[in-house]
Amino acid sequence: TSIAMTAADVQPRETCGDHWKRWKPWLIKNYLVLGFLFVIALALSWPLPGRELGSHTSGDFPIAQTCCIVVIFFISGLTLKTADIKKALGQPAALAYGIITILLVTPMMGFVVVQIPFEPVEFRYGLALFACVPTTLTSGVTLVTSAKGNGVMALMLTVTTNILGVFTVPFILNAVLLSAPGGDSGGTDTDMAETAAKLLLKLIISIIIPMGAGKATREFVEQAPSFTTKYKTELGLTNNSCLIAIVWMSISNSRGKLVRESALNIFVIVVAGVLLHLFFLTMNWVMTTAVMKIPEAERRAVLLMTSQKTLPVAVTIIAYLDEARWGAQGLIAIPCIVGHVSQLFIDAYIASIWAGRDPKEIDERNAAKRAGVGAEEAESKAERGASSEARVGVAAAGEVKA
């Protein structure tokens, strides 16, 4: 007996294109984390390509790493909108708090972290370095926007602190590293100033100049703004690819030391990275919510941006550190990668919660509460005033009778 098949009964087979469409958004969203996992596995199993690529230098500059850094910050400048920066100036108090916290307050934790006896010693240097760098370049703004926060405020904090950080981080970092047990061995104040000045020059060449060139391209090349809008995803993936490549070369070069580390040491630094970010979140929540009472959209931006740290600047600095003095660059990079990934997951969870809560409604409720408290205080004062007047009246009547 033959069974008649209708068109509705026939299920079309999924093609590779269908699978790609379904998985593409997820892959793009998690590209950086997946890239880190891939290159760490590659560097540990086959370190030769990454080690060879990263070994070529020109003077004090590692050629491949510097090329990647230049690309990262050129693209950052290319996508920077002047109009967005101007809008963020409307909240000067929140902006000032964010800049001071990112550049001066949170880096002070580096002096604490560098005293903790992590093993190997490079782990303490790496986590202390991560505490010293400015806020994230791209992920922070993206998370703030998805959390219905003030994306312009987040962008302004990103741009301001990453430019100013080029001039502050070298000196703060040198002070932090030299405060470590044994960190000042063989060095003087003159050595410290000279090292900081050299790092400052390298950061100006590899960060400020490419970012300025990218911004100038956007302003003076007519097609640049439309190009960055059209290829926003591709430019972001290019940035992340360069970052992944720098980490790959660093880990490949330090593979021998990394594989000798125990699982316990790595677990401890992972926990430390998570705790450091949670500490920053708690501190900034108290300041932005309980103390300063910043409007909700701006509060979300300031809270996230002041609690995050940038991996690109961290790996840029690592690429220029003297391995003979501070140890293997790949080992120093591990705490920075751990810190970056942990803050991404933690803040993505926070942003997902905030996304379902309208900042305007929260501001209205807070205003109503403050108005209610104010009315109660005014009423209480009036009652106290009336009772005081009554007591005065009674006393005056008593004097008249007397």
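Placed above this text is the structure.
Residues numbered from 1 in each chain as written. Predicted model: local features only at pLDDT ≥ 70, side-chain atom pairs only at ≥ 80, totals over all residues. Heavy atoms only, no water.

(A) Looking closely at helix α2 (residues 31–45). A rise of 1.5 Å per residue sets the reference length of α2, with its 15 residues, at 21 Å; its end C-alpha atoms lie 21 Å apart and thus fit the reference within 8%. Buried within α2 we find Leu 32, Val 33, Gly 35, Phe 36, Val 39 and Ala 43. Each buried residue of α2 lies within a common arc of 155° when the element is viewed along its axis, so the set occupies one face. Exposed residues pointing more than 90 degrees away from the buried face of α2 are listed as Leu 37, Phe 38 and Ser 45. Along its buried surface, α2 packs onto α13 (232–253), α14 (255–259), α17 (311–320) and α19 (329–354). (Helix = DSSP H or I, 4+ residues; strand = E, 2+ residues; numbered from the N terminus. Expected span 1.5 Å × (residues − 1). Buried < 20%, exposed > 50% of the residue type's maximum accessible area, 1.4 Å probe, protein only. Arc of directions from axis to C-beta. Contact = heavy atoms within 4.5 Å.)

(B) Focus on a nonpolar patch on the surface. Judged by side-chain polarity, Leu 264, Phe 267, Val 268, Val 271, Leu 275 and Leu 278 come together as a nonpolar surface patch covering roughly 540 Å² of accessible area. The topology assignment puts Leu 264 in helix α15 (residues 263–291). (Patch = residues over 30% accessible without salt bridge, like charges linked within 9 Å, V, L, I, M, F, W, Y side chains within 5 Å. Areas by Shrake-Rupley, 256 points an atom, 1.4 Å probe, with all protein chains shown as cover. Salt bridge = Lys/Arg side-chain N within 4 Å of Asp/Glu carboxyl O.)

(C) Layout of the state of the cysteines. The full count for this structure, using the stated rule, is 0 disulfides. Residue Cys 68 stays outside any disulfide, its sulfur separated by 4.6 Å from that of Cys 242, the closest cysteine. (Disulfide = S-S within 2.5 Å.)

(D) A look at the packing of aromatic side chains. One pass over the full model with this rule turns up 5 aromatic pairs. Look at Phe 61 and Tyr 320: their rings are 5.7 Å apart centre to centre, the planes differ by 80°, and that puts the pair in the edge-to-face class. Here Tyr 320 lies in helix α17 and Phe 61 lies in strand β2 (residues 61–62), a separation of 259 residues in the sequence. Taking the relative accessible area as the measure of exposure, Phe 61 reaches 22% and is therefore partly exposed. Ring plane angle 45° and centroid distance 5.0 Å describe the contact between Phe 227 and Tyr 231, whose orientation is recorded as tilted. (Phe/Tyr/Trp six-rings, centres within 6.5 Å; stacked < 30°, edge-to-face > 60°.)

(E) Seen up close, empty space enclosed by the protein. Scanning the entire structure with this criterion turns up 1 cavity of 30 Å³ or more. As a volume, the largest cavity reaches approximately 50 Å³. Lining the largest cavity we find Phe 130, Gly 273, Leu 276, His 277, Phe 280, Ser 307, Lys 309, Gly 339 and Gln 343. Elements supplying a minimum of two residues to the lining of the largest cavity: α15 and α19. The greatest single-element share of the lining of the largest cavity, amounting to 4 residues, is contributed by α15. (1 Å grid on protein atoms, 1.4 Å probe; cavity = no way out; pocket = protein on both sides within 12 Å on 5 of 7 lines; lining within 4 Å. Points joined across faces, edges and corners; volume = space filled by probe spheres on them.)

(F) The arrangement of the pattern of salt bridges in detail. What the rule picks out here adds up to 3 salt bridges. For Glu 219, the salt bridge identified is with Lys 215, shortest N-O distance 2.7 Å. A residue pair is termed a helical-turn pair when its members lie 3 or 4 positions apart in one helix, as Glu 219 and Lys 215 do in helix α11 (residues 189–220) at 4 residues. A salt bridge links Glu 296 to Arg 300; the nearest nitrogen and oxygen atoms lie 2.8 Å apart. Of this pair, Glu 296 and Arg 300 are both found in helix α16 (residues 296–307), 4 residues apart, which corresponds to roughly one turn of the helix.

(G) Region of interest: the layout of surface pockets. Its boundaries defined by the atoms lining it, the second largest pocket holds a volume of some 630 Å³. The wall of the second largest pocket is formed by 26 residues, among which Lys 202, Tyr 320, Leu 321, Asp 322 and Glu 323 lie closest to the centre. Among the secondary structure elements, those contributing two or more residues to the lining of the second largest pocket are α10 (151–178), α11, α13, α17 and α18 (323–326). Tallying contributions element by element places α11 first for the lining of the second largest pocket, with 6 residues. In the lining of the second largest pocket, the residues fall into 9 nonpolar, 9 polar and 8 charged. (Nonpolar A, V, L, I, M, F, W, Y, C, P; charged D, E, K, R; others polar.)

(H) Inspection of the packing of helix α4 (residues 63–78) against α17 at higher detail. One way to put it is that α4 packs onto α17 with a least axis distance of 11 Å and a crossing angle of 155°. As summarised for this structure, α4 and α17 are arranged roughly antiparallel, according to the angle between their axes. Crossing handedness for the pair α4 and α17: left-handed. Contacts between α4 and α17 pair Gln 65, Thr 66, Ile 69, Ile 72 and Phe 73 from the former with Pro 312, Val 313, Thr 316, Ala 319 and Tyr 320 from the latter. The class makeup of the residues in the contact of α4 with α17 is 7 nonpolar, 3 polar and no charged. (Axes fitted to C-alpha atoms, helices over the stretch in contact; angles between N-to-C directions. Parallel < 35°, antiparallel > 145°, perpendicular 65-115°, else oblique. Left-handed = near helix turned anticlockwise from the far one by under 90°.)

(I) Quick peek at the environment of Thr 161. Looking at where Thr 161 falls in the secondary structure, it is placed in helix α10. Given the relative accessible area of 0%, Thr 161 is considered buried. Linking Thr 161 and Ile 100, residues 61 residues apart in sequence, is a C-alpha distance of 8.9 Å. With residues up to four places along the chain from it excluded, the contact list for Thr 161 reads Ile 99, Ile 102, Leu 103, Pro 134 and Thr 135.

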